[in-house]
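Residues per chain are reported as follows:
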Amino acid sequence: MMREPRGVVLKGVHKRFGDVTAVANVDLEIRPGELMVLVGPSGCGKSTLLRLIAGLEERDAGEVWIGDRCVDEIAPGGRDVAMVFQSYALYPHMTVAENLGFGLRVRGARGPEAEGRVSEVAGVLGLAGLLSRRPGQLSGGQQQRVALGRAMVRDPGVFLFDEPLSNLDAALRLKTRDEIATLHRRLGTTMIFVTHDQVEALSLGQRVAVMDRGRLQQVGTPHEVYQKPANLFVAGFVGSPPINRLHLVRDREGRLAGGPFVFPEPFPHREATLGVRPEDLSVAVVAPDGSADRRGGPRPPPEFTATVLRVESLGSEQRVHLDGPGDAAWVARAAPALPVAAGDRVDVSVAWQRTHLFGPEGGRIGAAPRPGGATQP
Ligand code: ATP
């Protein structure tokens, strides 16, 4: 049903609003047929970037390519893209069928071909039984599907989604997210999806482009962005609860040190930040006689001990809030059955090979080495 998908290439795209640089010199390639998610905090420029692709904003510098055409001089209607917005903007006085066919009618397409196209799209989206209803007689999820269908009937080379799920409640959001992923697999069309929700980004995107203050911070698969964050911003933005941090400073012998850790190798910079994901910590409760509770199998030797400040029980896991290491207050993920409570002393082990060391400018250097002279506070 759909045509060949088109790729999108941005070359040095720049956009300012007065003093605000909304999009700063962005280079990005979205492959034909790819589902790319643009993600970042509010105001990072992701909607502006999408609107620059659609032609709804004028760039200050750079080039936008869609397929094999530079579209900078082409009006939105000629760019072969269709946009789905957060507000569905359906026409309330029109039926579902009329809403779906509206884009075709304004382009002069009528008759059996246009009707066939509408019923084809309605079939794909499970709207065939609702064609004679008006938007007011539909659920939020069904309205969202009509909005999607209205973009689909135009058979665009690229779909652009601007936070299309943010009006939906949590359950419907998950369901609609699944529907979009399924639709993408089925149609194979290029899709660019904007969200501020990092969980949504990782679960939906084949690749994810993380933005902050107008700049592209990292582009990669969800796995890459989570496991190898390019910098401290990405490490902190992706993952919940957020990555644990510890400030490290070079000591007189040139080694990095912070809290209970002293890293053995000489370090070229004055300071750094250690990042450890909550799941890369394991806690063992220290019994009153001083022995650690080793239930749950053998563990590596502990790197530090801490007191439990609070335990959040989430059903499938526990989040154990610690008063260390050093001045930091870290959170560890623990199995739901681990008997641990506020006030307990715990031994904490760190999976060093999965940790992250960030340099003074915030860029990721690599995994932190295993500390040599770990001292207990
Ligand atoms: P949100 O998730 O809140 O929509 P966003 O990441 O999509 O945020 P943009 O809407 O692209 O961010 O905005 C980027 C920056 O540009 C913000 O500082 C915003 O205030 C500014 N901005 C966006 N549109 C305009 C405009 N038309 N006039 C002036 N400033 C604008």
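Each remark here, short or long, concerns the structure printed above.
To keep things clear, this report deals only with the structure shown in the data block. (Residues numbered from 1 in each chain as written. Predicted model: local features only at pLDDT ≥ 70, side-chain atom pairs only at ≥ 80, totals over all residues. Heavy atoms only, no water.)

Brief notes about the overall build of the protein
Next up, step 1: Within the protein, the regular secondary structure consists of eight helices and 21 strands.
Next up, step 2: Overall, the protein is about 85 × 45 × 35 Å in size when its C-alpha atoms are taken along their principal axes.
Next up, step 3: Counting every position in the protein, which comprises 377 residues, the buried fraction comes to 50%.
Next up, step 4: Long-range pairs, those at least 24 residues apart, make up 65% of the contacts in the protein between residues at least 6 apart in sequence.
Next up, step 5: As presented, the protein carries roughly 17,200 Å² of accessible surface, and 51% of it is formed by carbon and sulfur atoms.
Next up, step 6: Charged side chains in the protein number 45 positive and 43 negative. The centres of these two groups are separated by 2 Å. (Helix = DSSP H or I, 4+ residues; strand = E, 2+ residues; numbered from the N terminus. Buried < 20%, exposed > 50% of the residue type's maximum accessible area, 1.4 Å probe, protein only. Contact = heavy atoms within 4.5 Å. Areas by Shrake-Rupley, 256 points an atom, 1.4 Å probe, with all protein chains shown as cover. Lys, Arg positive; Asp, Glu negative; His and termini not counted. Charge placed at Lys NZ, Arg CZ, Asp CG, Glu CD.)

Description of the layout of surface pockets
Next up, step 1: By volume, the largest pocket is sized at about 430 Å³.
Next up, step 2: Looking at the largest pocket, it is lined by 21 residues, and the ones nearest its centre are Ala82, Met83, Phe85, Arg150 and Arg154.
Next up, step 3: Mapped onto the lining of the largest pocket, the elements with two or more residues apiece are strand E6 (81-84), helix H2 (96-106) and helix H4 (140-152).
Next up, step 4: Element by element, the count of residues in the lining of the largest pocket is highest for E6, at four residues.
Next up, step 5: Among the residues making up the lining of the largest pocket, the classes are represented as 15 nonpolar, three polar and three charged.
Next up, step 6: Estimated volume of the second largest pocket: approximately 150 Å³.
Next up, step 7: If you trace the second largest pocket, you find 13 residues lining it, with Gly101, Arg105, Ala114, Glu115 and Val118 closest to the centre.
Next up, step 8: Contributing elements (two or more residues each) for the lining of the second largest pocket: H2 and helix H3 (111-124). (1 Å grid on protein atoms, 1.4 Å probe; cavity = no way out; pocket = protein on both sides within 12 Å on 5 of 7 lines; lining within 4 Å. Points joined across faces, edges and corners; volume = space filled by probe spheres on them. Nonpolar A, V, L, I, M, F, W, Y, C, P; charged D, E, K, R; others polar.)

What to know about the pairing of strand E17 (residues 318-322)
Next up, step 1: Within E17, five of the five residues are buried, which leaves it mostly tucked inside the rest of the structure.
Next up, step 2: Here E17 shows a buried face lined by Gln318, Val320 and Leu322 and a second buried face lined by Arg319 and His321.
Next up, step 3: The sheet contact formed by strand E16 (residues 304-313) and E17 spans five bridges and is antiparallel. Bridging from a neighbouring strand, Arg310 pairs with His321 of E17. (Pairing = 2+ DSSP bridges.)

Focus on the packing of aromatic side chains
Next up, step 1: Scanning the entire structure with this criterion turns up nine aromatic pairs.
Next up, step 2: Plain terms: the ring middles of Phe263 and Trp352 are 5.6 Å apart, the flat faces sit at 85 degrees to each other, and that makes the pair edge-to-face. With Phe263 in strand E13 (residues 261-266) and Trp352 in the loop between strand E19 (345-350) and strand E20 (356-358), this pair connects stretches of sequence that are 89 residues apart. Pair check on accessibility: Phe263 and Trp352 agree, each one buried.
Next up, step 3: Grouped by ring-pair contacts, the aromatic residues Phe261, Phe263, Phe304, Trp330 and Trp352 constitute a single cluster.
Next up, step 4: Over the aromatic face of Tyr226 sits the side chain of Arg277, whose NZ or CZ is 3.9 Å from the ring centroid. (Phe/Tyr/Trp six-rings, centres within 6.5 Å; stacked < 30°, edge-to-face > 60°. Lys NZ or Arg CZ within 6 Å of the ring centre and 35° of its normal.)

Section: H2
Next up, step 1: Among the residues making up H2, those that are buried are Val96, Asn99, Leu100, Gly101, Gly103 and Leu104.
Next up, step 2: Among the structural elements, H3 and H4 are those in contact with the buried residues of H2.
Next up, step 3: Following H2 by one or two positions, Gly108 has its phi on the positive side, about 90 degrees.

Here's the deal with the packing of H2 against H4
Next up, step 1: Running from amino to carboxyl end, H2 crosses H4 at an angle of 30 degrees, the nearest separation of the two axes being 7 Å. You can see that H2 and H4 cross each other, and the crossing is right-handed. From H2, Val96, Asn99 and Leu100 reach across to H4, where they touch Val146, Gly149 and Arg150.
Next up, step 2: Along the lines of polarity and charge, the residues of the contact of H2 with H4 split into three nonpolar, two polar and one charged. (Axes fitted to C-alpha atoms, helices over the stretch in contact; angles between N-to-C directions. Left-handed = near helix turned anticlockwise from the far one by under 90°.)

Looking at empty space enclosed by the protein
Next up, step 1: Taken as a whole and assessed by the stated rule, the structure comprises one cavity of 30 Å³ or more.
Next up, step 2: Approximately 40 Å³ is the volume attributed to the largest cavity.
Next up, step 3: Val84, Gln144, Arg145, Leu148, Phe161, Pro164, Thr176, Glu179 and Ile180 together form the lining of the largest cavity.
Next up, step 4: Within the residue set of the lining of the largest cavity, elements represented by two or more residues are H4 and helix H5 (170-187).
Next up, step 5: In the lining of the largest cavity, the residues fall into five nonpolar, two polar and two charged.

Some points on H4
Next up, step 1: The terminal C-alpha atoms of H4, which comprises 13 residues, lie 18 Å apart, in line with the 18 Å expected from a rise of 1.5 Å per residue.
Next up, step 2: Taken across its 13 residues, H4 has eleven buried, putting it largely inside the fold.
Next up, step 3: For H4, the complete set of buried residues consists of Gly141, Gln143, Gln144, Arg145, Val146, Ala147, Leu148, Gly149, Arg150, Ala151 and Met152.
Next up, step 4: In the core, the buried residues of H4 are packed alongside E6, H2, H3, strand E7 (158-162) and H5. (Expected span 1.5 Å × (residues − 1).)

Concerning the pattern of salt bridges
Next up, step 1: Going through the model one piece at a time under the given rule, you end up with 18 salt bridges.
Next up, step 2: Glu34 is the partner of Arg31 in a salt bridge, and the nearest nitrogen-oxygen pair spans 3.7 Å.
Next up, step 3: Put simply, Arg173 and Glu200 hold a salt bridge, and the shortest N to O gap is 3.0 Å. A residue pair is termed long-range when its members are at least 10 positions apart, and Arg173 in helix H5 and Glu200 in helix H6 (residues 198-204) qualify at 27 residues.
Next up, step 4: Among the charged side chains, a salt-bridge network with shared partners connects Glu279, Glu317, Arg319 and Arg333. (Salt bridge = Lys/Arg side-chain N within 4 Å of Asp/Glu carboxyl O.)

Considerations on the side chain of Lys15
Next up, step 1: Relative to the elements of secondary structure, Lys15 occurs in strand E1 (residues 8-17).
Next up, step 2: Among residues more than four places away in sequence, those in contact with Lys15 are Val20, Thr21, Ala22, Val23, Thr48, Leu52, Glu57, Glu58, Arg59 and Asp60.

Function-wise, these values are silent; they only describe arrangement.
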